[in-house]
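# Coordinates in review
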Amino acid sequence: MNRLEELVQKSLDGELSRAEEQELDALLASSAEARQEHQQLLEVEVALRNLDEQFDVSDSVMEHLELLAAPIRDEPEQDLPQRPDRILLESPLDRWFLRIAVPIAATAGMVLAFLLFNQEDFQTTRQVPKTAATSKVEGFEIVRQGTPQSGTPNALLPKDQLVAQPGAQNRLTYEDKTQVQMTEGTKVIYEPEFKSPQPTSKRLELLAGSMRAEVTKQPEGTPFVVKTPHALAIVRGTTFTLSSNARETRLAVTEGQVDLQRSRDGAKVSVPAGMFAVTTDRGDLKTRPMRSSSGLLAYYTFQEGQGERVHDLSGKGLDLQWTGKNAKSPQWTNGGLRLVQPGYLATTKPANSLIDACRKSGEVTIEAWVQPSDATQTGPARIVSLSETSSKVNFLLGHGSSDKLPSAYTSRLRTSKAPNDEELKTSDKVASTKLTHLVFTRDKEGNALLYVNGKKVESRKIAGSLSNWHRNLKLALGDDPGNEDRGWKGTYRLVAIYGRALTAKDVSVNFASGPDQEMARW
Amino acid sequence: MSRAPNPSHLVNTDPADFSTDDVIVAIRKGEIELYRQIVVRYQGDVLKIVNAMLLDYSAREDVVQQVFVRAFQRLEQYELGRGFGKWVKAIARNMVREELRKQYRYKGRLDAYAQQTIEDLEKEDELVDWESGKERSRALEECIASLEQHTSQAIKMHYVEGKRTDQVAADLGRTGGAVRTMLCRARGQLRKCLEGKGVLA
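Conventions adopted
- Residues numbered from 1 in each chain as written.
- Chains lettered and ligands numbered in written order.
- Predicted model: local features only at pLDDT ≥ 70, side-chain atom pairs only at ≥ 80, totals over all residues.
- Heavy atoms only, no water.
- Helix = DSSP H or I, 4+ residues; strand = E, 2+ residues; numbered from the N terminus.
- Buried < 20%, exposed > 50% of the residue type's maximum accessible area, 1.4 Å probe, protein only.
- Areas by Shrake-Rupley, 256 points an atom, 1.4 Å probe, with all protein chains shown as cover.
- Arc of directions from axis to C-beta.
- Contact = heavy atoms within 4.5 Å.
- pLDDT = per-residue confidence, 0-100.
- Phe/Tyr/Trp six-rings, centres within 6.5 Å; stacked < 30°, edge-to-face > 60°.
- Disulfide = S-S within 2.5 Å.
- Buried area = accessible area lost by both parts, 1.4 Å probe.
- Salt bridge = Lys/Arg side-chain N within 4 Å of Asp/Glu carboxyl O.
- Polar contact = N/O pair within 3.5 Å; in protein donor to acceptor, adjacent residues only side chain to side chain.
- Nonpolar A, V, L, I, M, F, W, Y, C, P; charged D, E, K, R; others polar.
- Expected span 1.5 Å × (residues − 1).
- Core = buried A, V, L, I, M, F, W, Y, C linked by side-chain atoms within 4.5 Å.
- Pairing = 2+ DSSP bridges.

Next up on the list: the overall build of chain A. Each helix and strand in chain A was counted, giving seven helices and 33 strands. Per-residue burial over chain A gives 55% buried out of 522 residues. Of the roughly 21,300 Å² of accessible surface on chain A, 46% is carried by carbon and sulfur atoms.

Set out below in structure tokens:
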């Protein structure tokens, strides 16, 4: 392998250092022979790439189109796009399922079961041990042998199906204090029969939906096992959330460790605290870090799938409400919310808790996973803002710039030394219609950074404190509540505001964890 | 122009039996699932355009996907009878340019080959002739077959089966670095072999 071949390899891998780049340029400039060899090596690479017989993007394109054509909630039927594969369901509960991800699947349960093993490998018959009995069943419809039971039976029987009811605390409590909470609409089977690689203390089958479990340490060798359409979650004592739909099963572990074993091929991964894993019928089974939650002041994942309200999952109570005038409602898509203009979302009350926290810390982070509908927008169009009008701004993260950079991303921040707010923006042509991760951070030393897809792209000093931030402003997504003339068009997948400056590592982790970490509202 | 098909009839029949324009008429009437057939028919041509620009190998799937999503979003602008392949390849060329501009911005340079590629992409017919030339393909296959067995195996796994280098390394029981070195050497050997056969510039 000669030096030119080596440099070409690095160039193709995107690993050419500045010095090597200069070396390559010098090599090419010095010799016609080297230039010809370089050209030929690249031609060989192109020819090799064209050999790919497995290349097929048809599935991913069709999934993307499904997202684009997702129905608009509560619009008249005749206004919905024609989709031959669209499933029309009647009940609000069913529509909720449909929107979260077609046949969304659900969760939780709890099982009692103690296995009397007279077999060596897989056990399907068990005796119910005392430790697996439930002491309390709250907020479920119970279907026994196909018949809904009136009221709540005193005791669950194996194979009872539980459906978490709306407006209730949906919770199973076992005698050993293990608790399993479920989101509305979640369906589970209590103590079902399925093949397990080892004896179990409790069993549930999550048919669709989401569950969060705090599991007391289970007897040695007999874990609590939850089956989903794609995997088994094997739990010995920990806190975790588990969600499942037709496409995937998602496991996030808060404490301890949970094993996730894929049903298709038996592949297994251990998911420790602070990590999550996703398994599907295809693709890799990997663990990924969970997002940073320290200093979180507002957090939205847009998984509601219906209505005009977006819940703040940070627990700070800053829910967003659609407040567009004479405009179409926002469109729920599979995994997000698409804004059509005119219209915007704003907190139902002034975001004073957020404002006061940032005033005190002198730091802030604005994070968004978004997919613009148009690569070029003007204003800057407000993706996320804490501003009333363009002259009354605490911060904003926007698309486009006031100086003719329609495909730039822009941030603005008010400080005591920049009362008219300072701007930090990318170059033009950075914005596209692809799903994009944007983060603006500013620490108390005044270091302001702008990241796009996990990479720092701009930085500058914005001196001063945040003590002069306006109070009584609402956090808004999509426009300024005061003027409504800076509308942004696109889909939101995740928005988070922190009262601290995320580190580069934090940003990298949040980027790597993707926009879909949270499926459930807890 | 071809006859307008009955969409439901199309759904129950092998869409490969219909012209591209027939399928597009049906898609416009709501048979969106038929767009999959369009993607399957034309993704090879679009891939060749994307390959020619030598983006990061892992980015090409995303770019090809975006080409077809954009084509779908603009499907009403396609004029029946004008040749869908030509139309979608024009979209691909434009998106390739956008990607090149982004690379230039982030890497601070646009090498001579990429500039040449942009010019080549304007000459669509020449490019397609070049890429699909049977002589070159045959010569490439012969050259790959002449490599040491483990090297040709690595080439096939990476380029024919689309496996990442780390997956190739795992399958062959080698390190990622060793596989990359192997591929690098193979490229040099293939260059000499193809040059010897008179099929390289």
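Having put the structure on the table, let's press on.
The next subject is helix α7 (residues 504-513) of chain A. All names here are of chain A. Residues of α7 that are buried include every one of Asp506, Val507, Asn510 and Ser513, and no others. For α7, the angular spread of buried residues about the axis comes to 130°, placing them on one side. Structurally, α7 contributes buried residues whose contacts are with β16 (275-280), β17 (286-289), β24 (364-372), β29 (436-442), β30 (447-452) and β33 (490-498).

Another aspect to go through is the confidence of the model for chain B. Residue and element names in this part refer to chain B. When pLDDT is averaged across chain B, the result is 75; 71% of the residues are at 70 or more. This stretch, residues 1-15, has a pLDDT under 50; its non-local contacts, to residues over four places away or in other chains, come to 31 contacts. Within the model, pLDDT remains below 50 along residues 104-110, and this stretch shows 16 contacts once partners closer than five positions in the same chain are excluded. Complex prediction metrics read pTM 0.48 and ipTM 0.77.

This paragraph deals with the environment of Ile38(B). Residues and elements named next belong to chain B. With respect to the element layout, Ile38 can be found in helix α3 (residues 35-52). With relative accessibility at 0%, the residue Ile38 sits in the buried group. Linking Ile38 and Gly85, residues 47 residues apart in sequence, is a C-alpha distance of 9.5 Å. Contacts of Ile38, omitting those with residues within four sequence positions, involve Thr20, Val23, Ile24, Ile27, Phe68 and Phe84.

Glancing now at unusual backbone geometry. Residue and element names in this part refer to chain A. Following Gly379, the chain continues into Pro380 via a peptide bond in cis, with omega recorded as 5°. Tracing the sequence through the fold places Pro380 in the loop between β24 and β25 (381-389). Despite not being glycine, Asn453 has its phi angle at roughly 50°, a positive value. Inspection of the secondary structure puts Asn453 in the loop between β30 and β31 (455-461).

Our next topic: the packing of aromatic side chains. Here the structure, examined in full by the defined rule, presents 11 aromatic pairs over all chains. Both rings, one in Tyr300(A) and one in Phe302(A), keep their centres 6.4 Å apart while their planes meet at 40°; by these two values the pair is tilted. You can call Tyr300(A) buried: its relative accessible area is 0%. With a centroid separation of 5.5 Å and 85° between ring planes, the pair formed by Tyr78(B) and Phe84(B) is classed as edge-to-face. Exposure class is identical for Tyr78(B) and Phe84(B). Each is buried.

All names here are of chain B. Counted by the stated rule, this structure contains one disulfide over all chains. The disulfide that involves Cys143 links it to Cys193, with 2.0 Å between the sulfurs. Across the S-S bond linking Cys143 and Cys193, the dihedral sits near -85°, which makes this disulfide left-handed. With Cys143 in helix α8 (residues 134-145) and Cys193 in helix α11 (residues 176-196), the pair connects residues that are 50 residues apart, well separated along the chain. By relative accessible area, which is 1% here, Cys143 ends up buried.

Right, let's get into the interface of chain B and chain A. Taken together, the contact pairs 57 residues of chain B with 52 residues of chain A. Taking both partners together, chain B and chain A bury about 5,500 Å²; carbon and sulfur atoms supply 59% of that area. The interface formed by chain B and chain A includes three salt bridges. In this structure, the salt-bridge partner of Arg187(B) is Glu45(A), at a minimum N-O distance of 3.0 Å. Along the contact surface separating chain B from chain A lie nine residue pairs in polar contact (both at pLDDT 80 or more). For the side of chain B that touches chain A, the elements supplying multiple residues, two or more each, are α3, α4 (60-73), α5 (84-107), α7 (124-132), α8, α9 (149-160) and α11 of chain B. Looking at which element gives the most residues to the side of chain B that touches chain A, the answer is α11(B), with 11 residues. The class makeup of the residues in the side of chain B that touches chain A is 27 nonpolar, nine polar and 21 charged.

This paragraph deals with the pattern of salt bridges. Applying the stated criterion across every chain, the model contains 27 salt bridges over all chains. As a salt-bridge pair, Glu214(A) and Arg212(A) come within 2.8 Å of each other at their nearest N and O atoms. Residues Arg191(B) and Glu195(B) are paired through a salt bridge, measuring 3.6 Å at the closest nitrogen-oxygen approach. With Arg191(B) and Glu195(B) both in helix α11 and four residues apart, the pair spans about one turn of that helix.

On to α11(B). With 21 residues, α11(B) ought to run about 30 Å at 1.5 Å a step, and its terminal C-alpha atoms sit 30 Å apart, in line with that. Gly198(B), located one to two residues past α11(B), shows a positive phi value of around 70°.

Judged by nonpolar contacts, the single largest core of 46 residues is most densely connected at Leu354(A), Val384(A), Phe395(A), Trp469(A) and Leu475(A). In this view, Phe395(A) contacts Leu354(A), Val364(A), Ile366(A), Val384(A), Ser385(A), Leu386(A), Ser387(A), Arg412(A), Leu413(A), Trp469(A), Leu475(A) and Ile497(A); residues no more than four positions away in its chain are not counted. Counting residues in hydrophobic clusters, the runner-up holds 35 residues, among them Ala26(B), Ile32(B), Val67(B) and Phe84(B).

Residues and elements named next belong to chain A. Examined bridge by bridge, strand β13 (residues 248-255) and β16 share six bridges and lie antiparallel to one another. Pairing of Arg250 across the sheet is with Val278, part of β16. Bridge analysis of β16 against β17 gives four bridges, and the strand direction is antiparallel. Looking at β17, one finds that Phe276 is bridged to Arg288.

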